[in-house]
Each structure stands twice: as C-alpha cells, then as structure tokens.
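The lines below spell out each chain.
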Amino acid sequence: MTPFSRRAILAAFVGTAAVGCSAPAAAPSPTPTATPTAPAPSVTPTPEPDARPRWPLTGQLVDDPALVQHAAVAVKVPDTRVEHPQLGLNDADLVFVQLDGYPDAHGESATRLVPVFHSRFPDAAGPVRSLRPSDLALLGPLRAVVGSTGAAGWVASYLAQRSDILDTGHTYLATRGTGAYSIDPSRIRTLSGKKYYDRAVRCHPALLAEVTGWFADGPPAPYLPYATGEQTPSTDAGFAATTVIVPWKSGSEYAMGYVFDAASGRYERSMPWGPHVLADGSRVTTDNVLVILAGQGSGKLAEGEGGPEPIHEVTDASGRFHYAHGGRAVSGQWSKAGVDAPFQFTLDSGEPLRVAPGRTFVELPRADAAVQIS
C-alpha cells in the first residue's frame, strides 16, 4: 500500500490600524511543522487453502476423489519373533504398534501390530490374530473395518457397542467362503497330533472391504494433521533424528529401532532381534515415526467371558509425543477426548504439529519409556 500524499499548510496574518495613523504590520505567525505520517503496514495475503483431494490416511494427493470412497481396513497382526515373517506392512498407510497382552517371564508384554490399508491394498496381510479393547480408541476416528480371528467374549461385546464407528464383526470365521481370508498351508503347526492355525491365517483387505460394505465413503477426515499446500512439515525446524529407539519393556533390551536412510528418504525398522523383514524379503520402512507416550494397564471394560486385556490409556488423556521425518524430529504434547475423537498435537513451541504426507508408524510405549532420539 503506498503512503497517502501530504501538503504543508502556510499561514500569514497582516494587521492594519486605521485610527489616526498607520500601525506597524503584525509579525508573521510561524509556519506549522507537518507531523510525519508512518506508512501503513503492508498486509501479507492469506494463502489460499489447498483444496486438492488427498488420501486421508497419508495426506498424499489423489487424482480422482472417487478413489477415496471405500472403507479403510485394519488387520490385527502378531509381532512376536515366532510369528514372523509378516505380510503386507509396507502397503499400510498407518501401522499402530500396541501391547500384545501375553506377559513374558518378567510379567511384561511384547507387541502387536495394526496395519491400516486405504490408499493401497496388498494381496494379503498377516498372519491374523485377535482383537484388543484399545482398537476402539485407536481406530474409531477413522471408521475402519477390522480383520481378525475374533476376540474374548467381553472384548467383542465392548467393541460391538460402538459398531457405528468400528466394524469388528467380520472375523475369519464369520466370513468363511467369501475369500476375505485364506490359510497358508506352509504355516500350519502340528503339536501332539493337533493342528494350529494361529500363524497361518491371512487377510485379503480389498476383498474384506467389499464383503462388509461398511463405511463405503471412506475415513471421515485426515487421521493426522498433514502439511498441505504451502505448509512445511514441523520437522523442517526440528533437531537431528537419524536414529529413533523405542523401548517396550522396563529396560532397553526390548526396543524397536528406526534408522534414517538418506538414499530412500525413509526410516528402516528393526525388531529387538534384528532388521524387520517381511515374508517377501523386503525391509519394513516408513516415511514418518510418531511416538505417543501413554499410560498402559490391563482390565475388563465390559461384562463377558475372558480375563483382563491390555489397555492403552489414550481416551480423555494427554501426554508427550515425538515425531520424526526426514532425519529430523520435534516433540510436544498430545491430547485425545473420546474413542471417536482424533489425537491433537501441540509442539513445545506452542505451534500445531504438521506431519509430512506419507506412511506412518505409530508407536504407543508406556508413558515413562526412555525414547532415544539421536
């Protein structure tokens, strides 16, 4: 905006007396000094919102908005060493790492994975295992269909109470004959003459989405606050994070590791015993690592058969988080209301978190976990 024009004002007064004789002329008044006017501040135009269609669970651009209109499919995948190798993880938009629930000799639990497929569907994901009560709080905000082998009686009842936000009824047994699941014969175990299928069940996410018909409009909103348009990821101004170590047990001996690979621009994941490698021989990778530190416990949230199950305390709760992308990281506070409410993230600077579009691993260790970022 250009400054407005100004003009100096000059005034002179001359007095004349007409009684008997001429009076001397009055002295001229001083010329007023014009007060300088500061130029009006320039106004930075507000950037236009980025209205281009995007995949809601990766934040990446999509050519045709109609492609987004199908259900997100989550699959319950075991993560103990004897249940590896797994299938399909590198096609997941999001992968949640949660408590397994079966304690070891020290009374501590290993992990279970929940990959969520929406922008891409692998031919198969698995092996497939059972549901956990915390699936409701983690998956409810994105309205997912969940592939599983079932659940304890009270867990099934608890999850069924919110069938408006989560479809957990289309289990392996409930959908037999539809092609939504299959058995890998090479992974059937035989012990004392009895066959066990716990490591052999595979889910076919695209077929499961078709079989259910639930949530055909797709996830209602982005799960994470993605950087879009002229926004940049918060990590651009973060600290160095080429390595992220997330411990899941009291010491640091059982930890998940992420090492940034500059060539691919992604983090390569490791298990406590070595590189995380899938059944096809590929290394598990991710664009983003989000660590949500939250309370952990076990209990029963509904009446029914079965004992206590592991619970992540993420509803009506808050805590610390760390987010890594591109070899850099930021930290801050998270909060979450009810089971169908999304997570909210605020950086230590007070600014909102902005996540880089891409695939994300979400780790959920205990609130006091000594996460190492270097």
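Residues numbered from 1 in each chain as written. Predicted model: local features only at pLDDT ≥ 70, side-chain atom pairs only at ≥ 80, totals over all residues. Heavy atoms only, no water.

**Student:** So what exactly am I meant to see when it comes to the environment of Gly101 here?
**Tutor:** Following the sequence through the fold, Gly101 ends up in strand E5 (residues 94-103). For the pair Gly101 and Arg112, spaced eleven residues apart in the sequence, the C-alpha separation amounts to 8.4 Å. Not counting residues within four places of it along the chain, the set of residues in contact with Gly101 comprises Ser109 and Pro310. (Helix = DSSP H or I, 4+ residues; strand = E, 2+ residues; numbered from the N terminus. Contact = heavy atoms within 4.5 Å.)

**Student:** Where do I start with the pattern of salt bridges in this structure?
**Tutor:** Where side chains of opposite charge bring their charged atoms close, a pairing between them can arise. On inspection of all chains with the given rule, the structure shows 16 salt bridges. A salt bridge links Arg112 to Asp100, with the shortest nitrogen-to-oxygen separation between them at 3.0 Å. Taken together, the residues Arg112 in strand E6 (residues 109-117) and Asp100 in strand E5 connect sequence positions twelve residues apart. Judged by relative accessible area, which is 4%, Asp100 ranks as buried. Ionic pairing is found between Arg266 and Asp287, a salt bridge with its closest N-O pair at 3.2 Å. Pair noted here: Arg266 is in strand E16 (residues 266-271) and Asp287 is in the loop between strand E18 (285-286) and strand E19 (288-292), with a separation of 21 residues, a long-range link. Linked through salt bridges whose partners overlap, the residues forming this network are Asp50, Arg52 and Arg54. (Salt bridge = Lys/Arg side-chain N within 4 Å of Asp/Glu carboxyl O. Buried < 20%, exposed > 50% of the residue type's maximum accessible area, 1.4 Å probe, protein only.)

**Student:** Can you walk me through the side chain of His170 in this structure?
**Tutor:** By the secondary structure assignment, His170 is in the loop between strand E8 (166-167) and strand E9 (181-183). Looking at His170, the relative accessible area reads 18%, which means it is buried. Side-chain polar atoms of His170 contact the side chain of Asp167, separated by 2.8 Å. Residues contacting His170, with those up to four places away along its chain left out, are Val146, Thr175, Tyr181, Leu208, Val211, Thr212 and Trp214. (Polar contact = N/O pair within 3.5 Å; in protein donor to acceptor, adjacent residues only side chain to side chain.)

**Student:** Any chance you could explain helix H3 (residues 205-212) here in plain terms?
**Tutor:** Residues spaced three or four apart along an α-helix point in a common direction, a consequence of the helix completing one turn every 3.6 residues. Among the residues making up H3, those that are buried are Pro205, Leu208, Ala209 and Thr212. Taken around the axis of H3, the buried residues stretch over an arc of 100 degrees, which confines them to a single face. Those residues of H3 that are buried are in contact with strand E3 (72-75), E6, strand E7 (144-147), E8, E9 and strand E12 (201-203). Looking at the residues trailing H3, positive phi occurs at Gly213, about 75 degrees. (Arc of directions from axis to C-beta.)

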